[in-house]
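A structural walkthrough
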Amino acid sequence: MSTSTPTDSPPSLLGLSPDNLKAFLPSDLPAFRVNQLLDWIYRKRVQSFDEMSNLPTTLINWLKDNASLFPNRVLLLKQASDITEKLLLEAPDRSLIETVLIRYPQQGVGSETSRKTICVSSQVGCAYGCKFCASGLAGWKRNLSAAEIIAQFIHVGRLEDRRSTASKDFPIDNVVFMGMGEPLANYDAVIAAIRALNAPWGLHMGARRITVSTSGLVPQILRLADEPVQFRLALSLHGASNEVREQIMPINRKYPLETLLPAVKTFSEKHGRMLTLEFILIEEVNDSLEQAHLLADIARDLHAHVNLIPYNRVEGLPWKRPNNARQTAFAKVLRDHRVSFTIRKEKGHDIDAACGQLRLQTEQNRASA
Ligand code: SAH
Ligand code: SF4
């Protein structure tokens, strides 16, 4: 497994399993030091080796010379709205990596008990060029390493640590791979990061609270079906027929619905988990009632839950969200077919804008500076 980033700095320890960590550390080190180190990294979530106060100075000095913790620096931490917070990391190669923390307020209770979801990035840019998406606009730059993905979990975890009481548990309810990039195009690093997120030696988060979203890479979906970790899968469908889907998602030409849908069916049958179909509603593109009927058929066949997302405007792109009446008519078709679905309402505007757009703004500011 590679944890390296494109720099000359020493390798990051993030993502190394206990065995790999033991092999990496000086050979005369007692085994319990490995557990202490993991405890500092994943439960105490410290930012530097100097804070690891129960380790001998000789080991701390060795670590400082031979290893690193976080591969990237925190560039910006921004309260985006009352429910979202954005973290922007800058890699040594100046790549920008965006992570969003979303606090969904729970009805009738205070914000401290809101559900917390982190939306993480898996690549810098994206090669798949979906026509509506900010991440695809500037093309693909590079994959993130496992350490760069894990660093996003830990940095956001620290934000919450500051707010809550001194529990060592990871203070986040859900992790979704819906930030920048196509997670299945960076398969090994994403799986390694999920392992660290799920493992008892890592952040120990339940696999059912982890969702990987994909635009539909068929070979990787089939490979995922055989992974031992039982995380959830979301498919970015956005078109219920090839004709509509390929207008906005070029990947549909390579993996059309007749290949894609059986692959996700295999995944959900093997995993025994309900699949989510993401469907962005874009005016005059995919919001017809005919599309709604086709979507209902697909969802019923796959026993999938549908997440309807009214489109968020992206500057420079022509697409619009349908008005409320059209959204409601579309949703009614799903309801009539007794398909399980949710539709993001106004508050969702901020939430969706969260993923993928901050980096773009910062890139643009840089270009005009
Ligand atoms: N590449 C993966 C994961 C990242 S995209 C995928 O496509 O699934 C995460 C989600 O955000 C996808 O469902 C994507 O379609 C959606 N999205 C992208 N741009 C959006 C926009 N402008 N408004 C609403 N959702 C958007
Ligand atoms: Fe890439 Fe997903 Fe955006 Fe498509 S929707 S360009 S696959 S990040």
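For the structure given in this document, a descriptive report is provided here.

Parameters and conventions
Residues numbered from 1 in each chain as written. Chains lettered and ligands numbered in written order. Predicted model: local features only at pLDDT ≥ 70, side-chain atom pairs only at ≥ 80, totals over all residues. Heavy atoms only, no water. Helix = DSSP H or I, 4+ residues; strand = E, 2+ residues; numbered from the N terminus. Buried < 20%, exposed > 50% of the residue type's maximum accessible area, 1.4 Å probe, protein only. Contact = heavy atoms within 4.5 Å. Areas by Shrake-Rupley, 256 points an atom, 1.4 Å probe, with all protein chains shown as cover. Near = heavy atom within 4 Å. Polar contact = N/O pair within 3.5 Å; in protein donor to acceptor, adjacent residues only side chain to side chain. Nonpolar A, V, L, I, M, F, W, Y, C, P; charged D, E, K, R; others polar. Pairing = 2+ DSSP bridges. Core = buried A, V, L, I, M, F, W, Y, C linked by side-chain atoms within 4.5 Å. Expected span 1.5 Å × (residues − 1). Axes fitted to C-alpha atoms, helices over the stretch in contact; angles between N-to-C directions. Parallel < 35°, antiparallel > 145°, perpendicular 65-115°, else oblique. Left-handed = near helix turned anticlockwise from the far one by under 90°. Salt bridge = Lys/Arg side-chain N within 4 Å of Asp/Glu carboxyl O.

1. Concerning the overall build of the chain
Helix and strand content of the chain: 13 helices and 12 strands. Taking all 369 residues of the chain together, the buried fraction comes to 56%. Counting contacts in the chain only where the partners sit at least 6 residues apart, residues at least 24 apart contribute 66% of the total. Just so you have it, the chain exposes about 16,200 Å², and 50% of that area is on carbon and sulfur atoms.

2. Comments concerning the site of ligand 1
Near ligand 1 there are 19 residues, and of these Gly181, Ser213, Ser236, His238 and Asn312 occur at the shortest range. The separation between an oxygen atom of ligand 1 and a polar side-chain atom of Ser236 is 2.6 Å. In isolation ligand 1 offers 530 Å² of accessible surface; the protein chains occlude 90% of this area. Put simply, the parts of the chain that give the shell around ligand 1 at least two residues each are β8 (210–214) and β10 (276–281). Of the residues in the shell around ligand 1, the class split is nine nonpolar, eight polar and two charged.

3. What about the pairing of strand β2 (residues 84–90)?
Of all seven residues in β2, seven are buried, a share of seventy percent or more. Residues Thr84, Lys86, Leu88 and Glu90 line one face of β2 and the alternating positions Glu85, Leu87 and Leu89 line the opposite face, and both faces are buried. Inspection of the sheet shows strand β1 (residues 73–79) paired to β2 by six bridges, in the antiparallel sense. Each residue of the ladder has a partner; that of Leu77, found in β2, is Leu87. Taken together, the seven bridges between β2 and strand β3 (residues 96–104) define a ladder with antiparallel strand orientation. Its bridge partner being in β3, Leu89 is matched across the sheet by Ile97.

4. Regarding the nonpolar core
Phe153, Phe177, Leu277, Leu295, Val306 and Leu308 are the most contacted members of the largest nonpolar core, which totals 111 residues. Setting aside residues up to four positions removed in sequence, Phe153 forms contacts with Ile118, Val120, Phe170, Val175, Phe177, Ala193, Leu197 and Leu203.

5. Observations regarding unusual backbone geometry
Look at His204: it is not a glycine, yet its phi comes out positive at around 55 degrees. With respect to the helices and strands, the residue His204 is situated in the loop between α6 (187–198) and β8. One non-glycine residue with positive phi stands out, namely Arg338, at about 55 degrees. Residue class for Arg338 comes out exposed when judged on its relative accessible area of 74%.

6. With respect to the pairing of β3
Buried residues dominate β3, accounting for eight of its nine residues. In this antiparallel pair of consecutive strands, β2 and β3, the connection spans five residues, and Arg94 shows a positive phi of 75 degrees. Of the pairings in the sheet, the one linking β3 to strand β4 (residues 115–119) comprises five bridges and is antiparallel in character. Bridge pairing in β4 places Ile102 opposite Thr117.

7. A short note on the environment of Phe153
Note on placement: Phe153 falls in helix α5 (residues 146–163). Using a relative accessible area of 0% as the deciding quantity, one classes Phe153 as buried. Along the backbone, Phe153 and Cys119 are 34 residues apart, and their C-alpha atoms lie at a distance of 9.2 Å.

8. A closer look at α6
Taking 1.5 Å of rise per residue, 12 residues should cover 16 Å, and α6 covers 16 Å from first to last C-alpha, within 8% of that figure. The element α6 is largely enclosed, with a buried count of nine among its 12 residues. When we look at burial in α6, the residues that qualify are Tyr187, Ala189, Val190, Ile191, Ala192, Ala193, Ile194, Ala196 and Leu197. Elements in contact with the buried residues of α6: α2 (32–43), α5, β7 (174–177), β8 and α7 (218–224).

9. Regarding the packing of α5 against α6
With their axes 8 Å apart at the nearest point, α5 and α6 run at an angle of 40 degrees to one another. Taken as axis vectors, α5 and α6 run oblique relative to one another. Crossing handedness for the pair α5 and α6: right-handed. For the pair α5 and α6, contact is made by Ala146, Ile149, Ile150 and Phe153 and by Ala189, Val190, Ala192, Ala193, Ala196 and Leu197, respectively.

10. Regarding the environment of Pro11
With respect to the element layout, Pro11 can be found in the segment before α1 (18–24). Among all residues touching Pro11, those that are not within four sequence positions of it are Phe24, Asn66, Ala67 and Ser68.

11. Re the pattern of salt bridges
Scanning all chains against the criterion turns up 16 salt bridges. Linking Asp50 and Lys64 is a salt bridge whose minimum nitrogen-to-oxygen distance equals 2.9 Å. Within this pair, whereas Asp50 is found in the loop between α2 and α3 (57–66), its partner Lys64 is found in helix α3, the two being separated by 14 residues in sequence. For Lys64, a relative accessible area of 40% translates into the label partly exposed. A salt bridge links Glu85 to Arg103, with the nearest nitrogen and oxygen atoms 2.9 Å apart. With Glu85 in strand β2 and Arg103 in strand β3, the pair connects residues that are 18 residues apart, well separated along the chain. A single burial state applies to Glu85 and to Arg103, both of which are buried. In this structure, a network of salt bridges that share partners links the residues Glu85, Arg103, Lys116 and Glu160.

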